[in-house]
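Secondary and tertiary structure notes
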Amino acid sequence: MTTPLVHEPSTIALTVNGDKRTIAAGTSLSAYLASLKLDPRLVVVEHNRTILRDRDAYPSIVLGAGDNLEIVHFVGGG
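What comes next is a walk through the structure. (Residues numbered from 1 in each chain as written. Predicted model: local features only at pLDDT ≥ 70, side-chain atom pairs only at ≥ 80, totals over all residues. Heavy atoms only, no water.)

1. Observations concerning unusual backbone geometry
Stated precisely, the cut-off is as follows: Secondary structure elements follow DSSP: runs of H or I of four or more residues count as helices, runs of E of two or more count as strands, with numbering from the N terminus. The cut-offs for exposure are 20% and 50% of the maximum accessible area for each residue type, with area from a 1.4 Å probe on protein chains only; residues under the lower value are buried, those over the upper are exposed, and the others partly exposed.
Even without glycine at this site, asparagine 17 takes up a positive phi of about 50°. By secondary structure assignment, the location of asparagine 17 is in the loop between strand S1 (11-16) and strand S2 (19-24). Given the relative accessible area of 37%, asparagine 17 is considered partly exposed. Phi is positive for asparagine 48, which is not a glycine, with a value near 50°. Tracing the sequence through the fold places asparagine 48 in the loop between strand S3 (43-47) and strand S4 (50-52).

As structure tokens, this is what we get:
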């Protein structure tokens, strides 16, 4: 008897600032921010209603299907 193969999805859907997005499965938060050309030092990220204060943890946070991100970036001016 053979065991059926389980295929992981190659992409996942999540919500970013209220908009539906599709990204590669297994994408870390830091990789996602890099894909948006956002400097993690200049943004505040809320992941599933929790504000992430430890930016050093971003590489270890793997985004999942159905996750909700709110990303706010700072803009300088005078």
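Next comes the rest of the account.
2. Some words on the nonpolar core
In a soluble, globular protein the nonpolar side chains are often hidden away together inside. We apply this condition: What is meant by a nonpolar core is a set of buried Ala, Val, Leu, Ile, Met, Phe, Trp, Tyr and Cys residues, joined one to another through side-chain atoms within 4.5 Å. When checking whether two residues touch, look at their non-hydrogen atoms; a contact exists if any pair is within 4.5 Å.
Counting residues in hydrophobic clusters, the biggest one holds 15 residues, and the most contacted among them are Leu29, Val45, Leu69 and Ile71. The set of elements that each furnish at least two residues to this core consists of S1, helix H1 (29-35), S3 and strand S5 (68-73). Discounting chain neighbours no more than four positions away, the residues touching leucine 69 are Leu14, Thr15, Val16, Asn17, Leu29, Tyr32, Val45, Glu46, His47 and Leu63.

3. Examining the pattern of salt bridges
This is how the line gets drawn: For this analysis, a salt bridge means a side-chain nitrogen from Lys or Arg found within 4 Å of a carboxyl oxygen belonging to Asp or Glu.
This model, assessed by the stated rule, comprises two salt bridges. One salt bridge in this structure joins arginine 21 and aspartate 19, with 3.8 Å as the shortest N-O distance. What makes arginine 21 partly exposed here is its relative accessible area of 34%. Residue class for aspartate 19 comes out partly exposed when judged on its relative accessible area of 40%.

4. Here's the deal with the pairing of S5
The criterion, for reference: Two strands make a pair as long as DSSP finds a minimum of two bridges between them.
By the bridge criterion, two bridges tie S1 to S5 in an arrangement that is parallel. The residue of S5 that forms the bridge with valine 16 is leucine 69. In this structure, S3 lies alongside S5, joined through five bridges in antiparallel fashion. Its bridge partner lying in S5, valine 44 is registered against valine 72.

5. Examining the pairing of S1
As judged from the six bridges shared by S1 and S2, these two strands associate in the antiparallel manner. Counted as the bridge partner of alanine 13 is threonine 22 from S2.

6. Thoughts on a nonpolar patch on the surface
Just so we agree on the cut-off: Patches in this entry comprise residues that are over 30% relatively accessible and not in a salt bridge; like charges within 9 Å are linked, as are nonpolar side chains (Val, Leu, Ile, Met, Phe, Trp, Tyr) within 5 Å. All accessible areas in this document rest on Shrake-Rupley with a 1.4 Å probe, and a residue is counted as covered only by the protein chains that are shown.
A contiguous nonpolar surface patch, about 440 Å² in accessible area, is contributed by Leu42, Val44, Ile51, Val72 and Phe74. Counting through the fold element by element, valine 72 comes out in strand S5.

7. Focus on the sheet that holds S3
Rule in force here: In this analysis, axes come from line fits to C-alpha atoms, helices being fitted only over the stretch in contact, and the angle between any two N-to-C directions falls in the range 0 to 180 degrees.
The strand order across the open sheet built from five strands is S2-S1-S5-S3-S4, with neighbouring strands paired in mixed fashion. Lying at the two open borders of the sheet, with one neighbouring strand each, are S2 and S4. Sheet twist, expressed as the mean angle between neighbouring strand axes with direction ignored, is 35°.

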